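Chain and residue survey
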Amino acid sequence: MPQSTGRASVAAAPAPPPEEIPVTLTVNGVERTLRVAPWTSLLDALRLHLDLTGTKKGCDHGQCGACTVLVDGRRINACLTLAVMQDGRAVTTIEGLARGETLHPLQEAFIEHDAFQCGYCTPGQICSAVGLLSEGKAKTADEIRELMSGNLCRCGAYPNIVAAIRQVMEADRG
Amino acid sequence: MRTFTYSRAGTLDEAVRSLTGNPGARPVAGGTNLLDLMKADAMRPAHLIDISRLPLDRIEDTADGGLRLGALARNADTAYDDRVQTRYPMLSKAILAGASAQLRNMATNGGNLLQRTRCYYFYDSGTACNKREPGSGCGAITGVNRIHAILGASEHCIATHPSDMCVALAALDATVQVLGPKGARAIPFAAFHRLPGDTPHLDTTLAADEIITAIDLPPQGFARHSTYLKVRERASYAFALVSVAAALEIEDGTIRAARLALGGVAHKPWRDGQAEAMLVGKPAQAESFSPAARAILRDAKGFEHNAFKIELAERAILRALAEAAGVEHP
């Protein structure tokens, strides 16, 4: 390959790896301090540093939604943000949704509606659905489908996923 | 991902200072496109300056009756803002047509303007791409070019700008407010993104040491007669093959002002003053729309896999204008 000449692709000169940076996150209600390299994604920090492997690495490019977590209550792709950028924030993962032995209503509904087959996308689907319900923009099945389109399911469990979310949405509405 | 160093800017001035004279540094806010490109090795900054906590996230009324969108306001917060939904519904619709709910929660308004093409060759560092490696050639012109440009392309680059939001901002005649080492300046939206020419590595006219601070919307939001229509490979969460922002001002059944911007067809949102002028003074009926639709596409040129976009764009324009006018689409 020719040497880069454009500013779009300025190559880093060989240098010792930068220092690790201390980061404090409140993960599922517990304050955790860790030291991460600048390029550590929030996803890798959760899985590799905190051993919270419920959050899945699917595409690692923000296309599949398997890594969806809630940061300060809002759903995001953990693969497309750096852990250092989330310093001081509260992160909720699939491990943080149940209360003791009591599952989150969405977890119950996913089981009841058989809303998964292999289960790999499920933590992301459920965290995304938690975000969707708190956003309160979806009122119909079509709107659920549209606002859940960032979560792919290769097993094709979509009808059951929508049914599960709809059940909880309607129960919330009372 | 290659290694890099990281710092967080405490103030906007500090962020500008850190960029000045430091070509390896890039600002990061939402990170949704930049980090993805860094994973693909298509962008290789040596240093990231985190500007995401600077107080540029507000949406405020302006003295002239317009609206100022903070550069760091999230796409989701912008799309769902009451003032945007009421006064600029075409913009809200365009933002919500893009990406996914998760990404819109992360992505900022300034970052949306600066997102880069999704051309497969730009992303694949094993192929030739004049945008990624100036002088290396263009893989797309003779390669797979289904998603590529039909207007304003050059022999060096046929990439398209991927944003939906920017198509609506172009139609609205927004203004981009930026700050650099020499101070602040305002860039008209039409002059913000550029055509590839023989320097396709430059997407915009923003200097490397400038930061977007806000996007200003003028008072005229075309709230009564406007729409954003996006045609894509699947129902949701895909980039546009063709998109249309259409806005009309209608008085007693006659078109008094018209805006038409196309997405997915060029290196920037595509507007054509001549085509828009052809709509003015015409009855707001389906029969009035064809000449303008043909005019905006008069220089369109297809490549091996994307020639279908020319007819697709014409039909999408007719449908969008009918929807904006509130008339039956034949």
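None of the values given here were measured: they were computed from a predicted structure. (Residues numbered from 1 in each chain as written. Chains lettered and ligands numbered in written order. Predicted model: local features only at pLDDT ≥ 70, side-chain atom pairs only at ≥ 80, totals over all residues.)

It is worth spelling out the overall build of chain A at this point. Along its length, chain A carries five helices and five strands. Mapped from its N terminus to its C terminus, chain A presents α and β elements in the order β-β-α-β-β-β-α-α-α-α. Out of the 174 residues in chain A, the part that is buried amounts to 44%. Restricting the contact set of chain A to residue pairs at least 6 apart, pairs at least 24 apart contribute 56%. (Helix = DSSP H or I, 4+ residues; strand = E, 2+ residues; numbered from the N terminus. Buried ≥ 20, exposed ≤ 12 C-beta atoms within 10 Å, placed from the backbone. Contact = placed C-beta atoms within 7 Å.)

All names here are of chain B. Taken in spatial order, the three strands line up as S9-S10-S11 in an open sheet, and their pairing is antiparallel. Of all strands in the sheet, those with a lone pairing partner are strand S9 (226-232) and strand S11 (254-263), marking the two edges. Between one strand and the next, the sheet's axes are offset by a mean angle of 15°, whatever the strand orientation. Direction of pairing for strand S10 (residues 240-251) relative to S11: antiparallel, over a ladder of nine bridges. (Pairing = 2+ DSSP bridges. Axes fitted to C-alpha atoms, helices over the stretch in contact; angles between N-to-C directions.)

With 161 residues, the main nonpolar core has B:Met90, B:Ala94, B:Ala168, B:Leu169 and B:Ala245 as its most contacted residues. Once you skip the residues sitting within four places of it in the chain, B:Leu169 turns out to touch B:Leu91, B:Ala174, B:Phe189 and B:Ile215. (Core = buried A, V, L, I, M, F, W, Y, C linked by C-beta atoms within 7 Å.)

Attention shifts here to the interface of chain A and chain B. Frequently, the measure chosen for interface size is the accessible area removed from exposure when the parts meet. Between chain A and chain B, the contact holds 37 residues from the first and 34 residues from the second. Elements supplying a minimum of two residues to the side of chain A that touches chain B: strand S4 (74-77), helix H3 (122-135) and helix H4 (141-147) of chain A. When its residues are assigned to classes, the side of chain A that touches chain B shows 18 nonpolar, 14 polar and five charged. (Nonpolar A, V, L, I, M, F, W, Y, C, P; charged D, E, K, R; others polar.)

Residue and element names in this part refer to chain A. Here chain A is described as being made up of domain 1 (21-96) and domain 2 (105-173). Here the C-alpha centre of domain 2 lies 21 Å away from the C-alpha centre of domain 1. Top contributing element to the side of domain 1 that touches domain 2 by residue count: strand S3 (residues 68-71), with three residues. Classifying every residue of the side of domain 1 that touches domain 2 by side-chain character gives six nonpolar, six polar and three charged. (Domains from an automatic or database assignment.)

The next thing to look at is helix H2 (residues 105-112) of chain A. Note that an α-helix has 3.6 residues per turn; residues three or four places apart therefore point the same way. Residues and elements named next belong to chain A. For H2, the set of buried residues is Leu106, Gln107, Ala109 and Phe110. Angular distribution of buried residues about the axis of H2 spans 165°; they occupy a single face of the element. Facing away from the buried side of H2 by more than 90 degrees, the exposed set consists of Ile111 and Glu112. Looking at the buried side of H2, the elements it contacts are H3 and helix H5 (158-173). (Arc of directions from axis to C-beta.)

A few words now on the packing of H3(A) against H5(A). Residues and elements named next belong to chain A. Direction vectors running N to C along H3 and H5 enclose 35°, while the axes themselves pass 11 Å from each other. Between H3 and H5 lies a crossing of right-handed hand. The residues of H5 that touch H3, namely those facing Gln125, Ala129, Leu132 and Leu133, are Ile161, Ile165, Val168, Met169 and Asp172. Class assignment of the residues belonging to the contact of H3 with H5 gives a composition of seven nonpolar, one polar and one charged. (Left-handed = near helix turned anticlockwise from the far one by under 90°.)

Right, let's talk about the domain arrangement of chain B for a bit. Under the domain assignment, chain B is made up of domain 1 (5-50) and domain 2 (226-325). Between domain 1 of chain B and domain 2 of chain B, the C-alpha centre-to-centre distance is 36 Å.

Our focus in this paragraph is the packing of H2(A) against H5(A). Residue and element names in this part refer to chain A. The contact between H2 and H5 brings their axes to 8 Å, and the two run at 135°. Judged by the inter-axis angle, H2 sits oblique to H5. Here H2 runs over H5; the crossing is right-handed. Side by side, H2 and H5 meet where Pro105, Leu106, Ala109, Phe110 and Glu112 of the first sit next to Ala164, Gln167, Val168 and Ala171 of the second. Residue composition of the contact of H2 with H5, by class: seven nonpolar, one polar and one charged. (Parallel < 35°, antiparallel > 145°, perpendicular 65-115°, else oblique.)

The subject of this paragraph is the environment of B:Leu169. Structurally, the position occupied by B:Leu169 is in helix H9 (residues 165-171). A count of 29 C-beta atoms within 10 Å places B:Leu169 in the buried class.

Another point: the pairing of strand S2 (residues 30-36) of chain A. When a strand is regular, its side chains alternate between the sheet's two faces. All names here are of chain A. Sheet topology note: the strand S1 (residues 21-27)/S2 ladder contains seven bridges and is antiparallel. Following the sheet pairing, Thr26 is matched in S2 by Glu31. If you look at the hairpin formed by S1 and S2, you'll find two residues sitting between the two strands, and Asn28 has a positive phi there, around 50°.

Take the sheet that holds strand S5 (residues 67-70) of chain B next. Residues and elements named next belong to chain B. With antiparallel pairing, the five strands of this open sheet are ordered in space as S4-S5-S8-S6-S7. The sheet is open, and its two edges are formed by strand S4 (59-61) and strand S7 (183-188), each paired on a single side. For this sheet, the mean inter-axis angle between neighbouring strands, taken without regard to orientation, is 25°. Two strands pair when backbone bridges link them, and strand S6 (residues 175-180) and S7 are joined in this way by six bridges, in the antiparallel orientation. Within S7, the position partnered with Gly180 by the bridge is Gly183. Along the sheet, helix H1 (residues 12-19) contacts S6 and strand S8 (211-217); its crossing angle with S8, the most-contacted strand, is approximately 125°.

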